[in-house]
Amino acid sequence: MAGYEVPTPKYLRVLNTVRERIENGTYPPGAALPSESQLCNEFNVSRPTVLKALGILKQDGWIESQQGKGSFVRGRPPAGRGAPAYAKDAVELDETARVELLHVGPVLAAPRIAAALQIPDGTPVYERRRRTVADAGPVDLVATFVPVEIAVGTAITKPEPIAGSVVEHLARLKQVRPDYVTEALTARTVSAEEAELLGVPADEAAIVVTVTVHQASGEPLLTSLIVMPGSRHEIEDVYPLS
C-alpha cells in the first residue's frame, strides 16, 4: 500500500475545515456561515456535498440553521450524548477482561472494511478478532481492522491482550489524534462460523455495526465490525430533539 493515497471524501473536507474555523475563532459563536453557494465555490464541490457536511455539523451541535437566513455558529458542542455501550466496547475495551481473542494477524481488507478505511479492496490490514463472553455465554463478535502503517510497532500486531484502550494505545505510540466516530448499522443472517461461535441457530438474525474511528483530518484510524445476535440484543438510545 506504499505510495497509494486515498483522497479524503469531499464532504469531510468541507466539514473538517468549517469545524476547524469554528474552533479557532474564524467563525465565532453567533456568526453566520458562508452561504451554500460560497462554500460550493470555495471547495469546488456540489451542493449535496455541502448540505451533507452542514447536516452533520448541525446534528452534532456545531451549527444551527434558521429558515430563510442560513446557518449560524453555535460553537463547540458540550460533552453530552456518549457512545452506545456496544460501540464504546468495540474501540475502548480492555481486552484483558471478558474477551477471548480468536485471531490476530494480517488479512486482506474485504470491500466493506476497505471502504471504511478508505483503501483499495484487498489491501493488507491487521485484524484483531475477539468474542465477548458473559456468564450466560457469548455476547458478540468484534473484529477490529487497523492499517498496516498504523499497526506496525504497536501491540495491535501481537497475539496477546491489550490492557487499556486500544485507541489510546495507538494515539500514544503513533502520535495520532482520534477525534470522532462514524457508525453504520445493518442486519443480516449469521454465517455458519458466527452461529457456531455465538452459540445461536443457523438462521439467527444478527445486528451488524461498523464503527470507524477518524482522526481530526478525517483520515480513518481503525474500523471495528461488531456482530450481535438479534435475540440477545436491543439497541436503545436517548438524545435531545434540538
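Remember, predicted model here, so these are calculated numbers, not experimental data. (Residues numbered from 1 in each chain as written. Predicted model: local features only at pLDDT ≥ 70, side-chain atom pairs only at ≥ 80, totals over all residues. Heavy atoms only, no water.)

Caption draft 1: Quick look at the overall build of the chain. If you tally the helices and strands in the chain, you get eight helices and eight strands. The burial tally for the chain puts 41% of its 242 residues in the buried class. Accessible surface for the chain amounts to roughly 13,200 Å². Of this, 52% is attributable to carbon and sulfur atoms. (Helix = DSSP H or I, 4+ residues; strand = E, 2+ residues; numbered from the N terminus. Buried < 20%, exposed > 50% of the residue type's maximum accessible area, 1.4 Å probe, protein only. Areas by Shrake-Rupley, 256 points an atom, 1.4 Å probe, with all protein chains shown as cover.)

Caption draft 2: Just the pattern of salt bridges, in detail. Applying the stated rule across the entire model yields eight salt bridges. Between Glu42 and Arg21 there is a salt bridge, with the nearest N and O atoms lying 2.5 Å from each other. Taken together, the residues Glu42 in helix H2 (residues 36-43) and Arg21 in helix H1 (residues 10-23) connect sequence positions 21 residues apart. In this structure, Arg177 engages Asp179 in a salt bridge whose closest nitrogen and oxygen atoms are separated by 3.4 Å. Through salt bridges with shared partners, one network takes in Arg19, Arg177 and Asp179. (Salt bridge = Lys/Arg side-chain N within 4 Å of Asp/Glu carboxyl O.)

Caption draft 3: Molecular detail of the side chain of Gln215. Mapped onto the secondary structure, Gln215 falls in strand E7 (residues 205-215). Excluding its chain neighbours within four sequence positions, the residues that come into contact with Gln215 are Val176, Arg177, Pro178, Asp179, Tyr180, Pro220 and Leu221. (Contact = heavy atoms within 4.5 Å.)

Caption draft 4: Structural context of the side chain of His214. Tracing the backbone through its elements, the reader meets His214 in strand E7. In this structure, His214 is in contact with Gln118, Arg177, Pro178, Asp179, Tyr180, Thr182, Glu219, Pro220 and Leu221, ignoring residues within four places of it in sequence.

Caption draft 5: Spatial organisation of the confidence of the model for the chain. Chain-level pLDDT for the chain is 85 on average; 86% of the residues reach the 70-or-more range. At the level of individual helices and strands, the chain shows its lowest average pLDDT in helix H4 (residues 85-92), which scores 64, and its highest in helix H8 (residues 192-198), which scores 95. (pLDDT = per-residue confidence, 0-100.)

Caption draft 6: Representation of the nonpolar core in the model. In this structure, Ala109, Leu117, Ile119, Val125 and Phe145 are the most contacted members of the largest nonpolar core, which totals 18 residues. At the level of secondary structure, the elements contributing two or more residues to this core comprise helix H5 (111-117), strand E5 (137-147), H8, E7 and strand E8 (220-229). Not counting chain neighbours up to four residues away, the residues in contact with Phe145 comprise Val107, Ile113, Leu117, Val125, Tyr126, Glu127, Leu222, Thr223 and Leu225. Counting 17 residues, the second-largest nonpolar core is a separate cluster that includes Val14, Val18, Leu39 and Val45. (Core = buried A, V, L, I, M, F, W, Y, C linked by side-chain atoms within 4.5 Å.)

Caption draft 7: Representation of H1 within the structure. Here H1 spans 20 Å end to end across 14 residues, near enough to the 20 Å set by a 1.5 Å rise per residue. The complete set of buried residues in H1 reads Leu12, Val14, Leu15, Asn16, Val18, Arg19, Arg21 and Ile22. (Expected span 1.5 Å × (residues − 1).)

Caption draft 8: Structural view of unusual backbone geometry. Phi is positive for Gln118, close to 60 degrees, though the residue is something other than glycine. Looking at the element boundaries, Gln118 is found in the loop between H5 and strand E4 (124-134). In this structure Gln118 comes out as buried when scored by relative accessible area, which is 15%.

Caption draft 9: Inspection of the sheet that holds strand E3 (residues 99-108) at higher detail. With antiparallel pairing, six strands are arranged side by side in an open sheet as E3-E4-E5-E8-E7-E6. The two strands at the open ends of the sheet, each matched to only one other strand, are E3 and strand E6 (178-189). Strand-to-strand twist in this sheet, taken as the mean axis angle between neighbours without regard to direction, amounts to 15 degrees. Along the sheet, helix H7 (residues 166-174) contacts E5, E6, E7 and E8; its crossing angle with E8, the most-contacted strand, is approximately 170 degrees. (Pairing = 2+ DSSP bridges. Axes fitted to C-alpha atoms, helices over the stretch in contact; angles between N-to-C directions.)

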